[in-house]
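Observations on the three-dimensional arrangement
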Amino acid sequence: MPHTTAFARNQWYVAAYTYEVGRGLLGRTVLGEPLVLYRTEEDGAAVALSDRCVHRYFPLSESRLDGDRIVCGYHGFTYDRTGTCVRVPGQKRIPRTARVASYPVVEQDLFVWVWIGDPALADPGSVPRAPHMDSPGWTTVSGMEPVDADYGLLVDNLLDLSHETYLHGGYIGTPEVAETPITTEVDEGAGVVRVSRHMDDAECPPFYARSTGVRGRITRWQDIEYHAPCLYLLHSRVAPAGVPPEADGSDPNAFHTEITYAITPSGEGAVYDFWAVSRDFARSDDEVSSFMRDLNHTVVMQDVDALNLLQRALATGRTGHQELSINIDTGGLAARRILARLAEEGDKPVERAR
Amino acid sequence: MPHTTAFARNQWYVAAYTYEVGRGLLGRTVLGEPLVLYRTEEDGAAVALSDRCVHRYFPLSESRLDGDRIVCGYHGFTYDRTGTCVRVPGQKRIPRTARVASYPVVEQDLFVWVWIGDPALADPGSVPRAPHMDSPGWTTVSGMEPVDADYGLLVDNLLDLSHETYLHGGYIGTPEVAETPITTEVDEGAGVVRVSRHMDDAECPPFYARSTGVRGRITRWQDIEYHAPCLYLLHSRVAPAGVPPEADGSDPNAFHTEITYAITPSGEGAVYDFWAVSRDFARSDDEVSSFMRDLNHTVVMQDVDALNLLQRALATGRTGHQELSINIDTGGLAARRILARLAEEGDKPVERAR
Amino acid sequence: MPHTTAFARNQWYVAAYTYEVGRGLLGRTVLGEPLVLYRTEEDGAAVALSDRCVHRYFPLSESRLDGDRIVCGYHGFTYDRTGTCVRVPGQKRIPRTARVASYPVVEQDLFVWVWIGDPALADPGSVPRAPHMDSPGWTTVSGMEPVDADYGLLVDNLLDLSHETYLHGGYIGTPEVAETPITTEVDEGAGVVRVSRHMDDAECPPFYARSTGVRGRITRWQDIEYHAPCLYLLHSRVAPAGVPPEADGSDPNAFHTEITYAITPSGEGAVYDFWAVSRDFARSDDEVSSFMRDLNHTVVMQDVDALNLLQRALATGRTGHQELSINIDTGGLAARRILARLAEEGDKPVERAR
């Protein structure tokens, strides 16, 4: 039994960073659907088509672009940016049904978002925002790791940061993270889970000590905002211990870091882990950028290794998986409820007024 | 769902080249049946036995020959060339049922053909011919690649050469191959499919330019003759553009190449791709032999990579595989019909007069 | 169909050598149950707990020890040596049900024995003995190899030593082993199978020639004593040909070697092959120790390769596995009957008087 969380189909998912989509053909699989992505010459738009030729199912991502058309690498079936077949070998007549699916795309906040479900429900205005990813005032480092684990395990991981103390000790974890109780708020309707942990007097982990230059004890706030199913924001505030924001809401004496994850189910037991770190300090300092990229990559790989291991442990378990949840799991359990509801809704027939 | 074409059991299949079968033990699997092949000291004949000892199922191909007998590498059960057990450890009495299956073998045209189905139906006279493989007047280079794909995908591949333009461009493909319509003839009774493409004014691809020395445009004929299920012949004629055969049928100004494939299903989703190129020109020129061997091997590996990829794409497809066929597929679709009929016939009980 | 012999759960199994269990965390899987083993600081006892945290199923063997407590490497759930959870992150209250299974352990004869079945039936007095493993008067070399094969195939292998002649020829096998008939005694009630082969005039294989220094023909006795399911003892006596034990039972002119195997099913199609060689001669000679360790390791690896191969052959067999058994298999067939009975008994509800 592979451990599997149901997919919520009628939702936006990150398929790539905008900088990954260019004049090559990029293959990605989202919710089990193979996609090919590229950017048009005509107007620079990102295009997402089904990655299987209608003729004999060859992956179009293993093909080549001719202008804005994909020429299948096997027999030359040629598709325009809408997925319509415009050329076949050996004959003039093109079968009327020759087309591959085209998926709605929104480029926003450094992400290429795609919609796999019913296209009639794809509202570009409902794509959740992460403006710090690509705004003046912020500097961002980013990457992506494929994980051989159910995406629900990554959601669990990120909603419960007490694991920083144990899995990421010496990098981003200190004893105070696991010791400090959390507060959790759930907006079931909006599908948003908020988990906060405010540490008033904590050790400064190397990740922040070296990037901010702060010495001594710190005030450390972690405010998670999870927009199910795909977007996870961690608002992080680090300041010398006892230094609060100003009365007017400004916060000149603190260091702000936005840690962003996009959690995109690829297939059963497979998830893309898009990760980014945006900061409002030392913004032009390349050394700080390198340090934060390298250290965060190390932290992400600690998670990747743990989740791969966990997936295998769950798959080989002789008896049913019995969990025991405590307070720290409140956010994760709320997220699971919301994901289950979104998955169920995505499977229902939809009423439409047209 | 692995993509699988049913096996036609009562048919001849190539298990090896004659030069592969010698005084070692060669393991091959044909239609899912593990075989061990060797050549006898007694009369130099090729022998094909079941590759599993009757005692504890150990692969005999991992054993050794003692004269013309195989001595099982585990406990020493010993079999003669008919598959009869002639010695067991620790006792004189040999159980009456101790024998492994022996398969009919025909050596012809550089191939070792075997018959996996009902031995009573194995007619050596019905083995299809490829005499150029091993005739004076022809020089042949050959090889074999195992492919992790349904054998039907290899049949599809070879029956539709329009893919040469896209998958093998710069090697054997030119634009004219995909552009030129084909003619198809099907002999359902004999199980033979013929697909012809005659290009009167075509670019000469590197494979022929360098081996023949022809410069400029060419007349290029491709005449496929597929003897389902196993033997595929491609009669290739290359001549300077506009040069036809003589009125008397002789063809002194053209270069003839016979491209031979034996398509042997190994197991589900696994096929042996035996390939050979025979030529009637530059017959003693080792440089031409090396060039044709190397370049054809490269072309075969392009197919192998594509078919492995395709098999995986078909296996992971979320929804049913939907194909769209056009004129170029006429030969391949005919081949599939014939294979389905042969497979069905092989499953029926057979009436025999004895 | 993977080839699988049913597991007998209410039995003692070797999980490790005593020297493998220390202050690190050792992960082993026995009868499909993941275990973590360590040795306490408090009293040096070996502990075996379930290797899955109750919280989110993380492998405890990938964690760390804090004194005699395991701190889970994911979220810090902490367990004492009885498996009771004594600390959880972010709260004082520990859920009453927070505990992982603890398995009965007996350390004896260099082995760490564990009991996976009903703990109420675990009688430390019923652990079978191999005193030569760790006694004055004997010197032992040992190792362990995981095999990707059904444990029944290893039992088959060891109960029928005629394979020494073929699989281990030139190491421990000579023609006489396969030629000499065996005697078999079965004690169904005690679950013990005895297979003896006494060779009065045999070639001396390199394993004994070089370690004992005996030249010329030998008397070679092999007396197997298999205590199903886990412990296999081979009492080996080598003496110059024609030299019997003394009338009083002493045997000063012979070389005695005790070859011990512990056969521990890990999961379906996976078994731990613990092997040891104890000798009563040249006891302080390190060169003899090195030689016997290296040569026996080579022999074990010949078995490992053969069994891995056999497991794959059985898994891919098109038709049902048909065996043919002869006299040499009497011991192995008796062992299978006993294993089947023990497995069946282990599945029954047990009557207990308390």
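Only a predicted model underlies this, so the values are computations on that prediction, with no experimental measurement involved.

For the rest of this paragraph, the subject is the UniProt feature "domain: Rieske" (unreviewed entry) in chain A. Within the UniProt annotation, "domain: Rieske" (unreviewed entry) is assigned to residues 12-114 of chain A. Taken end to end, residues 12-114 of chain A has its terminal C-alpha atoms 6 Å apart, with 0% of it in helix and 41% in strand.

We now examine the interface of chain B and chain C. Opposite the 27 residues of chain B that make contact, chain C presents 32 residues. Summing both sides of the interface, chain B and chain C together bury roughly 2300 Å²; the carbon and sulfur share of this comes to 57%. Arg56(B) is the salt-bridge partner of Glu323(C), the closest N and O atoms lying 3.6 Å from each other. Across the chain B-chain C interface, the total number found is 11 residue pairs in polar contact (both at pLDDT 80 or more). In terms of residue class, the side of chain B that touches chain C is built from 13 nonpolar, 8 polar and 6 charged.

Let us now look at the relation of the copies chain B and chain C. After a rotation of 120° and a shift along the axis of 0.2 Å, chain B superposes on chain C with an RMSD of 0.0 Å. Here the two chains are linked by the operation of a three-fold rotation axis.

Compared with the 45 Å implied by 1.5 Å per residue over 31 residues, the 45 Å span of helix 5 (residues 286-316) of chain A between its first and last C-alpha is a close match. Its side-chain oxygen placed 2.9 Å from the backbone nitrogen of Glu287(A), Asp285(A) serves as the N-cap of helix 5 of chain A.

Residues and elements named next belong to chain C. Taken in spatial order, the 3 strands of this open sheet run 2-3-4, and their pairing is antiparallel. Each of the sheet's edge strands pairs with one partner strand only, and the pair in question is strand 2 (26-30) and strand 4 (46-50). Each neighbouring strand pair of the sheet contributes to a mean axis angle of 35°, computed without reference to strand direction. With 5 bridges connecting them, strand 3 (residues 33-39) and strand 4 associate as antiparallel partners. Looking at the pairing, Val36 lines up with Leu49 of strand 4.

All names here are of chain A. When its domains are assigned, chain A resolves into domain 1 (12-124) and domain 2 (130-345). Here the C-alpha centre of domain 2 lies 32 Å away from the C-alpha centre of domain 1. Buried area between domain 1 and domain 2, both sides added, is near 1400 Å², and the carbon and sulfur share of it is 65%. Looking only at domain 1, the three residues that lose the most surface to domain 2 are Tyr13, Tyr17 and Asp109, adding up to 35% of its buried area. Applying the counting rule to domain 1 against domain 2 returns 0 salt bridges. Elements supplying a minimum of two residues to the side of domain 1 that touches domain 2: strand 1 (12-17), strand 2 (26-30) and strand 10 (111-115).

Contacts between chain B and chain A engage 32 residues on the former and 27 residues on the latter. For the chain B and chain A pair, buried surface summed over both sides reaches about 2300 Å², with 57% attributable to carbon and sulfur atoms. Counting every contact that joins chain B to chain A gives 3 salt bridges. In this assembly, chain B and chain A are joined by 10 residue pairs in polar contact (both at pLDDT 80 or more).

Conventions we followed
Every residue gets a number counted from 1 within its own chain, in the order that chain's sequence is written. Whichever chain is written first becomes A and whichever ligand is written first becomes 1, with later ones labelled in order. For a predicted model such as this one, the threshold for reporting local features is a pLDDT of at least 70, and the threshold for listing and counting side-chain atom pairs is 80 or more; totals across whole chains, interfaces and linings nevertheless cover every residue. Hydrogens and water are ignored here; the side-chain numbers use all heavy atoms of the structure. UniProt positions are given in the numbering used here, feature names are shortened, and annotations may be inferred rather than shown by experiment. We count a stretch as a helix when DSSP gives it H or I for four or more residues in a row; a strand needs E for two or more, and each element gets its number in order from the N terminus. Residue contacts are counted whenever heavy atoms from the two residues lie within 4.5 Å of one another. Take the accessible area each of two parts loses on contact, using a 1.4 Å probe, and add the two losses: that sum is the buried area. Salt bridges are defined as contacts in which a side-chain nitrogen from Lys or Arg sits within 4 Å of a carboxyl oxygen from Asp or Glu. Think of a polar contact as two N or O atoms within 3.5 Å of one another; within protein, one of them needs to be a possible hydrogen donor and the other a possible acceptor, and neighboring residues in sequence only count if both atoms come from side chains. Gly is put with the polar residues, along with every residue not named as nonpolar or charged; the nonpolar set is Ala, Val, Leu, Ile, Met, Phe, Trp, Tyr, Cys and Pro, and the charged set is Asp, Glu, Lys and Arg. Superposition of the copies used a least-squares fit over C-alpha atoms from residues whose pLDDT is at least 70 in both. To estimate the expected span of a helix, count its residues, drop one, and scale the result by 1.5 Å. Strands pair, by our definition, only if DSSP identifies at least two bridges between them. Axis lines are fitted through C-alpha atoms, for helices just across the contact stretch, and the angle between N-to-C directions can take any value from 0 to 180 degrees. As used throughout, domain bounds are those supplied by an automatic or database domain assignment.

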